[in-house]
Each structure stands twice: as C-alpha cells, then as structure tokens.
Amino acid sequence: MIRRRDNFSLAGRNTFRMDVSCACWIEYDSPEDLMELDLGSLPQPVMHIGAGSNLLFTGDFPGTVLHSNIKYYQVVADAEEEVLLEVGAGVVFDDFCAWASDNELWGAENLSGIPGEVGAAAVQNIGAYGAEVKDILTQVKCFDLERRRIETLAGVQCGYGYRDSAFKHAPMKGRYIVMSVLFRLSKTPAPRLDYGPLKMTFADQAPAHPVQVRQAVLRIRDGKLPDPAVLGSAGSFFKNPVVSTATYERVVDVVRGSGAGEGSVPLPTASGLPGPNAVPHYNVGENQIKIPAAWLIEQCGLKGVRMGEAAVYERQPLVIVNATGTARPEDILALERKIIDSVRQCFGIELSPEVEHI
Ligand code: EPU
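Residues numbered from 1 in each chain as written. Predicted model: local features only at pLDDT ≥ 70, side-chain atom pairs only at ≥ 80, totals over all residues. Heavy atoms only, no water.

With respect to helix α2 (residues 93-102)
Three or four residues apart is the spacing at which side chains of an α-helix point the same way, because the helix has 3.6 residues per turn. Where burial is concerned, most of α2 is hidden: 7 out of the 10 residues are buried. Within α2 the residues assigned to the buried category are F93, D94, F96, C97, A98, A100 and S101. At the C-terminal side of α2, E104 shows a positive phi close to 55°. (Buried < 20%, exposed > 50% of the residue type's maximum accessible area, 1.4 Å probe, protein only. Helix = DSSP H or I, 4+ residues; strand = E, 2+ residues; numbered from the N terminus.)

Below you can see the structure in the form of structure tokens.
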C-alpha cells in the first residue's frame, strides 16, 4: 500500500526533532508499491529517508520525502558456518541486530543500538565499536530509478568507506533506492573486541554468545550517547578528521603550549597536559592520522556549551543535541559554525559534518 500526505510535519520523522514540513510525504510497503510510483508527478525534488537519524533539515522541504516500510527477514542460505539473511530496507536496524544476536548469529552485535533503518545503514555504512556495516553486507538490492528495474549490487560495487558509499555521490546519488540488504552472519563465535571498553569488559572471559556483546555495547552507548527518544540529536555530528603527520605535530605543539601556527589562540583546557601522548590519535595510513573530533572540541572548551536551544552534549562533545526539544535548524547551524570555527582557530583543522544537511 502507498500512503500519501500533503504538507506533512517531519517533526516525528527526524531524531533531531526539527519541526519542519515537506510538501508531500509518501510511505510504501513493498517493492511493487515503489515501482508503481510515478516520481516525476510528485512535488520536486524527491528524497528518501530512513529513520531520519543522520540528517538535519535546515528548513521546510519543498518536495517529496519517501519512506520505506518494507519489513521482512528471509534466511536465503543456512550453511554449516554461516547464514545469509535478507532484510527489508524499512526494518529498524537495531531490531535486525537483536534478531541476529538472539539467533546466536555473530556479526551485527557491535552495531547494536545505532538509531536508523537497514536501508539507510547500507547507504551510510554505519559503524561503531570496531565494526562497520560493510563488514557483514554482501549485497544490496535496489530499485534503479533511471532504468526502472531492480538491480543487485555486490558489496564491493557500493564503494564503501568511513561513513560513506557510492550511494552518497554522483552518479549513484538519487538514482538507487535500497529495497533490501543481504547480510552474512557467522554461526561460529567471531567477537570483535578491539575497542578499548569492550576489550576490558571481556578481559577475563571471552564472550560465548553475541547477546553478551550486544548488552555490553548497549551499556557503553547508554553511558555516552543521548537516547534520541529522550534528547533529540543525530548521533555524531562531525566526522573524525584524518590529518597529515605535520598537522598532528602542530596539534601536539599547540597542546604543549608552544603556540604552533600564528594566530592560534590559547587553549582553555590544554595547559599542563603532559606532552605528545596527550593527543589521542590513530594511525590510519601512511602520513594519515585520525584525531578524535570529540577531543578537539573538548580542548576548545566547548563540552556542554549551550547556544540558543542547541548544546554540545556533555558526555560526548561530538554530538549536538536539541537541548530544549524546541530548537530550530538555525540554533543547530549556529552551534555547528561555532564548533567548526573554534577548532579551526585552535588547531587549524577543518571539521566536516557527518550529518547530512537538507
Ligand atoms: N573523547 C574526548 N572527550 C569526550 C569523549 C571522547 O576527548 O568527552 C575522545 C577520547 O580520546 C576518546 C575518543 O574521543 O578516546 C573517541 O571517543 P569515542 O570512543 O566515544 O568515539 P568517537 O570517535 O567520538 C565514533 C563514532 C560513533 C561511535 C563511536 C564508537 C564517528 C563520527 N563517530 O565516535 O558513531 O559510536 O566511535 O565506535 O565516527 C555516529 O556515527 O553517530 C556515532 C555515534
């Protein structure tokens, strides 16, 4: 079935809870419904959302917003060591994680608790605690709007990177609508415990069941990330920047207090930090160093800072929250600008948003 609503409020359809509207809202239940839609006849432009958990509506949307309600699980292959599971794009991603863990299938447990739906997860390559969707995704079934036919893309064709895929860029952007995802899940224990707090949790005894890991992940998330049902947000607002060794060394200098670049401002919280080890970082390639954006933001003294009705989340400064529940897009955008400007001034690093602006 296809349900259409005109001048529809999107307040309950984005986890930031921006009270904006779209000219037309369309929800469909099956691939056949999707193929039946004449998108050209609808208010333009047309965009597709999942749970709206990684986007910021910057104002009313003049066109059509599509939402998939394709919800199913189908075991496509059940072999000795693994299961291939096809999941509809409209399934809540965490429901899939729970399903997999409850059925003693490994692979999705580290991704527990991430807000969003399966279709968007395949577009965004969501990740957490040392795992990414691309690690368990083998195929994506899409509707190709150009050729008006169903296409099955192998994981390698989707161009996955850090919170990125070919679906987010031309020529694929806007052309494909994800209908389902094929996941490969392991029956043999395959815990991924590289992430510090998980390693610590299971230091004495390796987890024997994926539900144990799932529960640990949910606990860790609970302590750090706001529950979108309680406090509006879109998770991490910025990507963790990857910088050159020279830039990293400049950050170390700034923290040591030697000033680094001209015009760098004194850091409110950095004084007295003990040398290079104070800058958290991960080597991710030759001359490529990832520095946690949360740390950069905290060093700029912005943790917990409130501007208008938006705030930097106290427990994880990478997250911007709708502090009052009634923040407007302008509040979020103003705080975003302040964070980007402060980090640039302090460290000469340009943060880029992870959240899609619409
Ligand atoms: N940090 C601080 N201050 C804080 C919090 C963190 O300095 O208040 C520094 C610490 O050095 C810490 C580091 O930031 O070690 C990393 O923090 P965390 O482990 O919380 O992870 P993150 O890099 O900030 C990323 C993802 C999260 C994901 C976590 C866990 C991005 C943009 N974000 O955050 O994903 O849950 O790792 O794997 O990659 C999301 O994408 O919406 C999201 C929440």
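Things to note about the sheet that holds strand β5 (residues 61-68)
With mixed pairing, 4 strands are arranged side by side in an open sheet as β1-β2-β5-β3. Two strands bound the open sheet, and with one partner strand each, they are β1 (2-9) and β3 (46-49). Strand-to-strand, the axes of this sheet are offset by a mean angle of 25°, without reference to chain direction. Here 7 bridges tie β1 to strand β2 (residues 21-28), and the two strands are oriented antiparallel to one another. The residue bridging R5 from the neighbouring strand is W25, located in β2. (Pairing = 2+ DSSP bridges. Axes fitted to C-alpha atoms, helices over the stretch in contact; angles between N-to-C directions.)

Comments concerning the pattern of salt bridges
Tallied over the entire structure, the rule returns 20 salt bridges. The shortest N-O distance in the salt bridge between R184 and E82 comes to 2.5 Å. Residue R184 is found in strand β12 (residues 176-186), and its partner E82 is found in strand β7 (residues 82-88); the two are separated by 102 residues along the sequence. By relative accessible area, E82 is classed as partly exposed at 29%. Residue E86 pairs with K141 through a salt bridge whose shortest N-O separation is 3.7 Å. Taken as a pair, E86 in strand β7 and K141 in strand β10 (residues 137-144) lie far apart in primary sequence, 55 residues in all. In the salt-bridge network here, residues are joined through shared partners; they are R3, R13, E27 and D29. (Salt bridge = Lys/Arg side-chain N within 4 Å of Asp/Glu carboxyl O.)

Structural notes on the site of the ligand
Around the ligand sit 25 residues in total, of which Y129, Y162, Y195, E298 and K303 are the nearest. Here an oxygen atom of the ligand sits 2.8 Å away from a polar atom, N or O, in the side chain of N240. With respect to the ligand, the side chain of K303 contributes an N or O atom lying 2.7 Å from an oxygen atom. When residues of the shell around the ligand are traced back to their parent elements, those giving at least two are β8 (127-128), α5 (210-224), β13 (232-236) and α7 (293-299). For the shell around the ligand, the element with the most residues is α7, which contributes 3 residues. (Near = heavy atom within 4 Å. Polar contact = N/O pair within 3.5 Å; in protein donor to acceptor, adjacent residues only side chain to side chain.)

Description of the environment of P329
Residue position: P329 is located in helix α8 (residues 329-347). Linking P329 and R219, residues 110 residues apart in sequence, is a C-alpha distance of 30 Å. Excluding residues within four positions of it along the chain, P329 makes contact with M18, V20, F57, T58 and G59. (Contact = heavy atoms within 4.5 Å.)

Let's talk about the sheet that holds β12
Read across the open sheet, the 5 strands follow the order β6-β7-β12-β10-β11; overall the sheet is antiparallel. Looking at which strands have only one partner, the edges of the open sheet turn out to be β6 (73-78) and β11 (149-154). On average, adjacent strands in this sheet sit at an angle of 20° to one another, irrespective of strand direction. For β10 and β12, the ladder comprises 7 bridges, and the chain directions are antiparallel. Residue pairing for β12: Q139 is matched across the bridge by L182.

Distances and angles like these do not, on their own, reveal function.
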